[in-house]
Amino acid sequence: MSELSPYFLSKFSQNFKSKTPDEFIIQRGDFRFSVLSSRIFRVEKDRKRIFTDEATQTVVCRDFSKPKFKVSESKRKLKISTEDAIFLFDFTKEKVESITLKDSRTVTDFKTGNLKGTYRTLDMINGSVKLGEGLMSQNGVSVIDDSKTVIMCEDGTMKERRRVQKDEYYFAFGNDYRGCLKEFFKLCGEVPLVPRYCLGNWWSRYKDYSQQEYIDLMKAFIEKEIPISVATIDMDWHWVDVIERFGKENAYYRREGGLPYKTISEIFQSQGWTGYSWNTELFPDYKGLLNWLHEKNFKVTVNLHPAQGIRPFEDQYEEFAEFMGVDPKTKKRIPFDITDPRFIEGYFKILHKPYENDGVDFWWIDWQQERDTKIKGLDPLWALNHYHTLDLASKEKRPLILSRFAEVGSHRYPLGFSGDTIISWKSLDFQPYFTANATNVGYTWWSHDIGGHTFGSRDDELYVRWVQFGEFSPIMRLHSTKDEFMGKEPWKFNFAANTAAVNALRERHALVPYIYSINRRTHEEGRALCEPMYYSYPTEKAAYEVPNQYFFGSELMVCPVTKPMDKRTFLAPTKVWLPKGRWTDWYTGRIYEGGRFVTMYRDIDALPVLAKEGAIVPMSQNDRTNDITNPEKLSVRIFRGTNSFTLYEDDGETMKFEDGAFAETVLSVREAGKDLLFRINPAKGDLSVIPEKREWKLIFDDISSAKEITVRVGGRKKVFTPGHKEGKTIIVLPSVPSNAEVEIEFKAFEARKNRDKKECVVELLSKYQLPTMLKQATLGKFVEDITSPFPLNDEAFKGPIDEVLL
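Report follows, based on the coordinates. (Residues numbered from 1 in each chain as written. Predicted model: local features only at pLDDT ≥ 70, side-chain atom pairs only at ≥ 80, totals over all residues. Heavy atoms only, no water.)

Before going further, it helps to examine the environment of Gly714. Tracing the sequence through the fold places Gly714 in the loop between strand E37 (703-713) and strand E38 (716-717). Setting aside chain neighbours within four positions, we find Gly714 in contact with Ala740 and Glu741. (Helix = DSSP H or I, 4+ residues; strand = E, 2+ residues; numbered from the N terminus. Contact = heavy atoms within 4.5 Å.)

This is how it looks when you write it as structure tokens:
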């Protein structure tokens, strides 16, 4: 296993505090109880009393807290009391009888109320699937069964686990969902800090591009000023016409053990899905292609289907066969065996490392086969995710993969690939919930085939709504099948759809500074980019009733449009819950008072995105090139209130941040009556990772004017000319030293107000696709008195008016 990253393995073993200290263990006969924290309890049963202290594929650290607790017991029962929970075990029934929480709730049913987690794949799903169990529960307690996982050794390999009767972890966090997630990451490993480039836009398509076709496509994105940071090359990078080119003996193989393939799909996969040799007819100079992509600031990922092993036609076959002790002259296929240390070493050393050295930045692991290996309990998908992460990691490179979810513990191996979904409104409608809800098992970096993958019907509006959701999801990855009519290039859609999609893609690229800062919080604090509403409002009933609504970072609340618009109004309805407080629409500027449900109506250009009071959102001014590095020109959108946000920056790709190679800039706003102070604090940390000087474009979204505005840079007053646009105040400060403090002080400001209601109503009604005479006869009187009942009994017409008037 010498090819696995020594750097990552050293870090891996450092985090292996898998044994619980003896003082936090209570053993009674065949049972062992571990108090891992004041809110996490472990229960084991083993008739041979050989308990598990090694790490498993799910749990890696059982020594992260020093909880205080008391034990009391009788012949039948054991009670463990901490400051946060009382745990009661019944030896007669051999089960946990109850857990009493800090809020005095006593829980006896540990299944009811579970808020669910996520699912392995959405391949060929049209709509929804039933999700697995999660860590969060409305009843306050959840359970993870770890009895069937494999043992993870300190050298990164896996081994089979002895059969045990019970190994359960009880999470007793009540409705402190963020606290639960934070301690889960301490127990099961942190979420890595993902590279900056993966947070931009991705291009991907299952299509047999030629080298020049692919270059021409990427040039088109550049010329049209649509920023793409990751270029994906799907499976046609290698030979796929195996029978025609190399003969049947290289294509159809029986399964291990002599069983024949049973389905057309299995036979098809055996023919061309696995490959390690570049198709030199399509890519005559693949190294030149990879170099060109890197020169144009694209990162490159390449698709893998490793299930069929290494076949005789592969360029690397002779070297790999000799490495494995197989005579190459036999032309014998070398089966895929992720349990064999020798195979694993050759798999990386011979098949992958050379291509990584040539310019493949990371791998897309497209495993769709069986879940069994020679090690009982080891899922090959999980093993591939694990080993590929170890393979790529070094001090100079953060590990990254794209792969499917392989059960609890998969959060350590981002990113997720949800599979080939059916193109439909039902599929889109499921994905916001599916994405945010995965946070309930710590799986915070899902990516989807934005626009849908296959089948369905052509629908330009659906495409736009999917792209808009993609903008406000963890990973924005366009993808589709190779059908000639399925391309997701924005310019292949009608003018309105193209415009809206390009705007969303550019804005996503601009949002990277904000998203990357939340990425750091995920790594350090366990704060996910996409959180269900009940994380912020756990006691509000309404927070559990809006599954498609979520927080995107700490500052923005998003509710994607997942239903088509009415063709008479060109508006699509979305039900939104507004928590108490003031919320400002990111696109329209409309201000809403919370504490209610509102059905919001949006045209093709927008979706409901609401900024909270005091929201601070740093963005790049560069939204039209592939440059994803820390920008010299930043814009910040600021909303009235009192709040702070920390802009986090590092080199974006290496592990040097662990040694302090990062900078943090605290941005804060404080509203006091009619005065407001915004401050950019001097950047702290390693300033070599950020520009020495910056332009700051400060957009005060809901301040239209002020009696007096004072700007200080480095303590000195600065002469400036404020701009005013659509009720916003805009201040541009060029060439500001990164270590200087900036203060913007507003005295007696005028808050932005919503537009005149009658003006908004007239604008809406003017756009309604209705006969002119009907409008004049029926709607004219209503416009004269907008407090009167709306004359048309049709929610499609009445709803948008209500949103304005109410």
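From this point, the narrative continues.
Direction vectors running N to C along helix H3 (residues 211-223) and helix H6 (residues 286-295) enclose 5°, while the axes themselves pass 11 Å from each other. In this view, H3 runs roughly parallel relative to H6, as classed from their interaxial angle. Taking contact as the criterion, the partners of Gln211, Tyr214, Ile215, Met218 and Lys219 in H3 are, on H6, Tyr286, Leu289, Trp292 and Leu293. A class-by-class count of the residues in the contact of H3 with H6 yields seven nonpolar, one polar and one charged. (Axes fitted to C-alpha atoms, helices over the stretch in contact; angles between N-to-C directions. Parallel < 35°, antiparallel > 145°, perpendicular 65-115°, else oblique. Nonpolar A, V, L, I, M, F, W, Y, C, P; charged D, E, K, R; others polar.)

Here helix H15 (residues 772-784) contains 13 residues, and its C-alpha end-to-end distance of 17 Å stays within 8% of the 18 Å for a straight helix at 1.5 Å per residue. The largest bend along H15 measures about 40° and falls at Thr778. Buried residues belonging to H15 abut helix H14 (757-767) and helix H16 (795-805). (Expected span 1.5 Å × (residues − 1). Bend = angle between axes of the 7 residues up to and from the residue.)

Moving on: the pairing of strand E7 (residues 85-90). Burial runs high along E7: five of the six residues are buried. Note that strand E6 (residues 77-82) and E7 share five bridges and pair antiparallel. Residue Ser81 lies in a different strand from E7, and its bridge partner there is Ile86. Between E6 and the antiparallel strand that follows it, E7, lie two residues. Bridging between E7 and strand E8 (residues 95-101) involves six bridges; their strand directions are antiparallel. Its bridge partner lying in E8, Phe89 is registered against Val96. (Buried < 20%, exposed > 50% of the residue type's maximum accessible area, 1.4 Å probe, protein only. Pairing = 2+ DSSP bridges.)

So, about the sheet that holds strand E22 (residues 530-532). As summarised here, the arrangement of the six strands in space is E22-E23-E24-E29-E26-E27, forming an open sheet in which the pairing is antiparallel. Bordering the open sheet on either side are E22 and strand E27 (591-593), each of which pairs with just one other strand. Put simply, the sheet's adjacent strands are angled 35° from each other on average, direction ignored. Alignment of strand E23 (residues 550-552) against strand E24 (residues 556-558), held across three bridges, turns out to be antiparallel. Counterpart to Phe551 in the pairing with E24 is Met557.

Within the largest apolar cluster, 203 residues are counted, with the highest numbers of intra-cluster contacts made by Phe171, Met218, Phe678, Leu698, Phe700 and Ile744. Ignoring sequence-local partners within four residues, the contact set of Ile744 consists of Leu676, Leu677, Phe678, Leu698, Phe700, Ile709, Thr710, Val711, Ile731 and Leu733. With 20 residues, the next largest nonpolar core counts Phe33, Phe87, Phe89 and Ala172 among its residues. (Core = buried A, V, L, I, M, F, W, Y, C linked by side-chain atoms within 4.5 Å.)

The next subject is the packing of aromatic side chains. Taken as a whole, this structure holds 58 aromatic pairs when the rule is applied. Here the aromatic rings of Phe87 and Tyr170 are separated by 6.3 Å at their centres, their planes lie at 70°, and the arrangement is edge-to-face. Pair noted here: Phe87 is in strand E7 and Tyr170 is in strand E13 (residues 166-172), with a separation of 83 residues, a long-range link. As far as the burial class goes, Phe87 and Tyr170 line up, both buried. Here the aromatic rings of Phe184 and Phe185 are separated by 5.7 Å at their centres, their planes lie at 55°, and the arrangement is tilted. Overall, the relative accessible area of 8% leaves Phe185 in the buried class. In textbook terms, an aromatic cluster arises when at least three aromatic residues are bridged by ring pairs, as seen for Phe31, Phe33, Phe41, Phe87, Phe89, Phe91, Phe110 and Tyr170. Seen from the ring of Trp586, Arg637 lies directly overhead, with NZ or CZ sitting 3.7 Å from the centre. (Phe/Tyr/Trp six-rings, centres within 6.5 Å; stacked < 30°, edge-to-face > 60°. Lys NZ or Arg CZ within 6 Å of the ring centre and 35° of its normal.)

The linkage connecting Pro414 with the following residue, Leu415, adopts the cis geometry, with an omega of 25°. Relative to the helices and strands, Leu415 resides in the loop between strand E18 (401-402) and strand E19 (416-417). One non-glycine residue, Glu407, adopts positive backbone phi at about 80°. Mapping Glu407 onto the fold places it in the loop between E18 and E19. In this structure Glu407 comes out as partly exposed when scored by relative accessible area, which is 40%.

Here we take up a negative patch on the surface. Together, Asp208, Glu213, Asp216 and Glu223 make up a negatively charged patch on the protein surface. Note on placement: Asp208 falls in the loop between strand E14 (201-203) and H3. (Patch = residues over 30% accessible without salt bridge, like charges linked within 9 Å, V, L, I, M, F, W, Y side chains within 5 Å. Areas by Shrake-Rupley, 256 points an atom, 1.4 Å probe, with all protein chains shown as cover. Salt bridge = Lys/Arg side-chain N within 4 Å of Asp/Glu carboxyl O. Lys, Arg positive; Asp, Glu negative; His and termini not counted. Charge placed at Lys NZ, Arg CZ, Asp CG, Glu CD.)

For helix H9 (residues 380-392), which comprises 13 residues, the first-to-last C-alpha distance of 18 Å matches the rise-based estimate of 18 Å (1.5 Å per residue) to within 8%. Of all 13 residues in H9, 13 are buried, a share of seventy percent or more. Between the side-chain oxygen of the N-cap and the backbone nitrogen of Leu381 there are 2.9 Å, and the N-cap of H9 in question is Asp379. (Polar contact = N/O pair within 3.5 Å; in protein donor to acceptor, adjacent residues only side chain to side chain.)

Together, Arg47, Lys148, Arg163 and Lys376 make up a positively charged patch on the protein surface. For Lys376, the position within the fold is in the loop between strand E17 (362-365) and H9.

The strands that make up a sheet are held in pairs by hydrogen bonds between backbone atoms, and each pair lies either parallel or antiparallel. Spatially, E4-E11-E12 is the arrangement adopted by the three strands of the open sheet, whose pairing is antiparallel. The sheet terminates laterally at strand E4 (55-56) and strand E12 (158-159), the two strands that pair on one side only. One ladder, built from two bridges, connects E4 with strand E11 (residues 151-152); its direction is antiparallel. Bridge pairing links Ala55 to Met152 in E11.

Under the criterion given, the structure shown has 69 salt bridges. Salt-bridge contacts for Arg602 lead to Glu803; the nearest nitrogen and oxygen are separated by 3.1 Å. Taken together, the positions of Arg602 in strand E28 (residues 596-602) and Glu803 in helix H16 put the pair 201 residues apart, joining distant regions of the chain. Judged by relative accessible area, Arg602 falls into the buried class, the value being 4%. When the shortest N-O distance is used, the salt bridge between Arg679 and Glu743 registers 2.5 Å. You can see Arg679 sitting in strand E34 (residues 675-680) and its partner Glu743 sitting in strand E41 (residues 742-751), a full 64 residues away along the chain. A relative accessible area of 23% places Arg679 in the partly exposed class. Because the salt bridges share partners, they merge into one network encompassing Arg32, Arg42, Glu44, Asp53, Asp146, Arg161 and Asp167.

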